[in-house]
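# Chain and residue survey
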Amino acid sequence: MIKIITTIHEMKGIIKSKKAQGKTVGFVPTMGYLHEGHTSLVKWAKEENDIVVVSIFVNPTQFGVNEDYDVYPRDLERDQMLSEEAGAEYIFHPTVAEMYPNGYQTYVEVFGITDKLCGASRPGHFRGVTTVVNKLFQIVAPHRAYFGLKDAQQVAVIEKMVRELNMDVEIVPCPIVREADGLAMSSRNVNLSPIDRQSALILSQSLMKAKEMIQAGNVEAKEIQRAIENKIAEESAVAVDYIKIVDFTNLEEIDVIKGRVLIALAAKVGNVRLIDNIIMEA
Ligand SMILES: Nc1ncnc2c1ncn2[C@@H]1O[C@H](COP(=O)(O)OP(=O)(O)OP(=O)(O)O)[C@@H](O)[C@H]1O
Ligand SMILES: CC(C)(CO)[C@@H](O)C(=O)[O-]
Ligand code: BAL
């Protein structure tokens, strides 16, 4: 039976005793309301480690004041069942006060690549992410941590933090899991109205169109970007935040499709902000 741990003290004690028995620890950080994207990470973790810890914590420091912290979906009972089915042994589910007690003043920040893409639209977001991920790594002390490439920039930021702070954890990026019709799975999809859910399909469709253009030999980033813009413009309910074609190693915009390229976008569909991307090797 999976165990829910709510205190840092108890979580650290469990990890210490498991490591003393020679066990390896895989870690899947989440904000809960799990779907198959999350459970795929748990399954990857289970294949490569003796025990798997999933954290469920809607982290307030990564939400801006006008963002959706209050309406972010939550369902611990269902998360418990899904985590257990996928093979996790522990859920770490602290309160906000446990993670950020009164007077809390310590933050971890990666500069540069956090100013781009989602970082440009959500100032302070990645500072909250790196701070909480750093804290979670201190508590769970995993051998490996699993992150979805749906949040491609988050993967790049965390990899940079781990490298530059000499942290002893292997970051394992995992592929995007999609609904049968192509929509990238996201906890926030539940907040889409049925009509908006349909409109949201244009996001993955526009990325597929970009992929086809590149596979057909088009290397002009501007042309591909314009094709994505035009495709999304077919859906009036979708308001683009950004569409960017960047080098995945540094997130710098490129003119010519070459090397490991990230095509990333963010858009509001109704009141819900969604992200999606594809990574191409050219
Ligand atoms: N569709 C997906 N495929 C693969 N990994 C995913 C997918 N959705 C989320 N993840 C990963 O799960 C981890 C936890 O993400 P999170 O709890 O924010 O879920 P989410 O569904 O991305 O939520 P939201 O889209 O509302 O931010 C992250 O590493 C994230 O990249
Ligand atoms: C990594 C993370 C759990 C930190 O709160 C969050 O940003 C997420 O769910 O991707
Ligand atoms: N998956 C990223 C969490 C967020 O949107 O805040």
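Calculation notes
- Residues numbered from 1 in each chain as written.
- Chains lettered and ligands numbered in written order.
- Predicted model: local features only at pLDDT ≥ 70, side-chain atom pairs only at ≥ 80, totals over all residues.
- Heavy atoms only, no water.
- UniProt positions renumbered as here; feature names shortened; annotations may be inferred.
- Pairing = 2+ DSSP bridges.
- Helix = DSSP H or I, 4+ residues; strand = E, 2+ residues; numbered from the N terminus.
- Axes fitted to C-alpha atoms, helices over the stretch in contact; angles between N-to-C directions.
- Domains from an automatic or database assignment.
- Contact = heavy atoms within 4.5 Å.
- Buried area = accessible area lost by both parts, 1.4 Å probe.
- Salt bridge = Lys/Arg side-chain N within 4 Å of Asp/Glu carboxyl O.
- Polar contact = N/O pair within 3.5 Å; in protein donor to acceptor, adjacent residues only side chain to side chain.
- Nonpolar A, V, L, I, M, F, W, Y, C, P; charged D, E, K, R; others polar.
- Buried < 20%, exposed > 50% of the residue type's maximum accessible area, 1.4 Å probe, protein only.

As recorded in an unreviewed UniProt entry, the protein chain goes by the name Pantothenate synthetase, listed as coming from Alkaliphilus hydrothermalis. The heading Pathway (unreviewed entry) in the UniProt record of the protein chain holds the text "Cofactor biosynthesis; (R)-pantothenate biosynthesis; (R)-pantothenate from (R)-pantoate and beta-alanine: step 1/1." Its UniProt record gives the protein chain a comment under Subcellular location (unreviewed entry), which states: "Cytoplasm".

## A few points about the sheet that holds strand 8 (residues 260-269)
With antiparallel pairing, the three strands of this open sheet are ordered in space as 7-8-9. Two strands bound the open sheet, and with one partner strand each, they are strand 7 (238-247) and strand 9 (272-281). Averaged over neighbouring strand pairs, the angle between their axes works out to 15 degrees when direction is ignored. With ten bridges joining them, strand 8 and strand 9 adopt antiparallel strand pairing.

## What about the domain arrangement of the protein chain?
Partitioning the protein chain into structural domains gives domain 1 (3-174) and domain 2 (187-277). For domain 1 versus domain 2, the separation of C-alpha centres amounts to 26 Å. With 21 residues of domain 1 at the interface, the matching set in domain 2 holds 16 residues. Taken together, the two surfaces of domain 1 and domain 2 that pack against each other cover about 1,700 Å², and 59% of this comes from carbon and sulfur. On the domain 1 side of the interface with domain 2, the three residues burying the most area are Lys116, Leu117 and Lys150, jointly 31% of the side's total. Summed over the shared surface of domain 1 and domain 2, the number is two salt bridges. Where Lys116 meets Glu252, a salt bridge forms, and the shortest distance between an N and an O atom there is 3.4 Å. Where domain 1 packs against domain 2, one counts eight residue pairs in polar contact (both at pLDDT 80 or more). Contributing elements (two or more residues each) for the side of domain 1 that touches domain 2: helix 5 (117-121) and helix 7 (152-164). Taken together, the residues of the side of domain 1 that touches domain 2 sort by class into eleven nonpolar, five polar and five charged.

## Details of the pattern of salt bridges
Under the criterion given, the structure shown has 13 salt bridges. When the shortest N-O distance is used, the salt bridge between Arg127 and Glu109 registers 3.6 Å. On the criterion of sequence distance, the pair formed by Arg127 in helix 6 (residues 125-140) and Glu109 in the loop between helix 4 (96-99) and helix 5 is long-range, its members being 18 residues apart. Look at Arg127 and you get partly exposed, because its relative accessible area is 34%.

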